[in-house]
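Coordinate analysis (summary)
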Amino acid sequence: ITGWLDSDTMSGATANNVPTAESVKAYVDANAGSIQNFKDVKCASTITTSATDGEANAVVLPFDTTITESTTNTITFYGSGGVSGVTGGANSWSMSTTGFYIFSWNVGTNTNISNNRILSGVKLQSGISNGEEMEWSDIEPSYCYIYDRGNGSVRKGSMSMSIIHNIVNGDGSTRLFRLVLWKEASSNASTNAITKTNATSIHITQLQ
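Below you will find a few notes about this structure. (Residues numbered from 1 in each chain as written. Predicted model: local features only at pLDDT ≥ 70, side-chain atom pairs only at ≥ 80, totals over all residues. Heavy atoms only, no water.)

1. Comments concerning unusual backbone geometry
For the bond from Glu140 to Pro141, the omega torsion is -10°, close enough to zero to count as cis. Checked against the element boundaries, Pro141 lands in the loop between strand E10 (134-138) and strand E11 (144-149). The phi torsion at Met10 lies on the positive side, around 65°, for a residue other than glycine. Checked against the element boundaries, Met10 lands in the loop between strand E1 (3-5) and strand E2 (17-19). For Asn91, which is not glycine, the phi dihedral falls at a positive 60°. Checked against the element boundaries, Asn91 lands in the loop between strand E6 (75-77) and strand E7 (93-95). (Helix = DSSP H or I, 4+ residues; strand = E, 2+ residues; numbered from the N terminus.)

2. Considerations on the packing of aromatic side chains
According to the stated counting rule, one finds 7 aromatic pairs in the structure shown. Judged by centre distance (6.3 Å) and plane angle (80°), the rings of Phe63 and Trp93 are edge-to-face. With Phe63 in strand E5 (residues 63-69) and Trp93 in strand E7, the pair connects residues that are 30 residues apart, well separated along the chain. You can call Phe63 buried: its relative accessible area is 0%. Judged by its relative accessible area of 0%, Trp93 falls in the buried class. Judged by centre distance (5.1 Å) and plane angle (25°), the ring pair of Phe77 and Trp93 falls under stacked. In this pair, Phe77 is assigned in strand E6 and Trp93 in strand E7, connecting sequence segments 16 residues apart. Judged on exposure class, the residue Phe77 and its partner Trp93 are both buried. The rings of Phe63, Phe77, Trp93, Phe103 and Phe177 are connected pair by pair, giving a single aromatic cluster. Between Lys123 and the ring centre of Trp182, over which it is positioned, the NZ or CZ distance is 5.3 Å. (Phe/Tyr/Trp six-rings, centres within 6.5 Å; stacked < 30°, edge-to-face > 60°. Buried < 20%, exposed > 50% of the residue type's maximum accessible area, 1.4 Å probe, protein only. Lys NZ or Arg CZ within 6 Å of the ring centre and 35° of its normal.)

3. Quick look at the environment of Cys43
Within the element layout of this structure, Cys43 appears in strand E3 (residues 38-43). On the basis of relative accessibility, which here comes to 3%, the residue Cys43 falls in the buried class. As for Cys43 and Thr200, which are separated by 157 residues in sequence, their C-alpha atoms are 6.4 Å apart. Leave out the neighbours within four places in its chain, and Cys43 touches Pro62, Phe63, Asp64, Thr197 and Thr200. (Contact = heavy atoms within 4.5 Å.)

None of the figures reported here should be taken as evidence of function without further support.
Rendered as structure tokens:
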């Protein structure tokens, strides 16, 4: 060892000098990285699927209550009012900063009738406005299913999913996202799935 290095950027580092403690701390603090853009949101109210089978009858999960979020935040949830001037955007969200994001969600459901089997589906969609209304398309892979073979009061099911998605708004438009739920099939035609507010939430984090 031939000497000390007093540099917050480690400029001048060699195999023969030792950085000061102050320089090491400053360098680590500046390069440790941090999560600067994230939001956790839950549903304050339940939503019930249609009694009719199929994805065409999907309902949008009403994420409307922020649990926590970063100080610097570009993630906006629009609630039941949707985006001003555009129909079909209720309970959607958007990110004003492009890049890679992690979407992680959990959906828990109950049923309206006991002792009946039901299979429910969940998927993530992205949409863009044609000027008047939203046009939605499925994001792959995001399909998940909840199978509930309920008996008596014990008839709850849940699923969890996480994907990385690249947000690119190269045409200057705002791309929206939403999570939908539908009844795939059930042993009794009148059986519906009902979301559980304490088991339905979404976390979104931008990768730095």
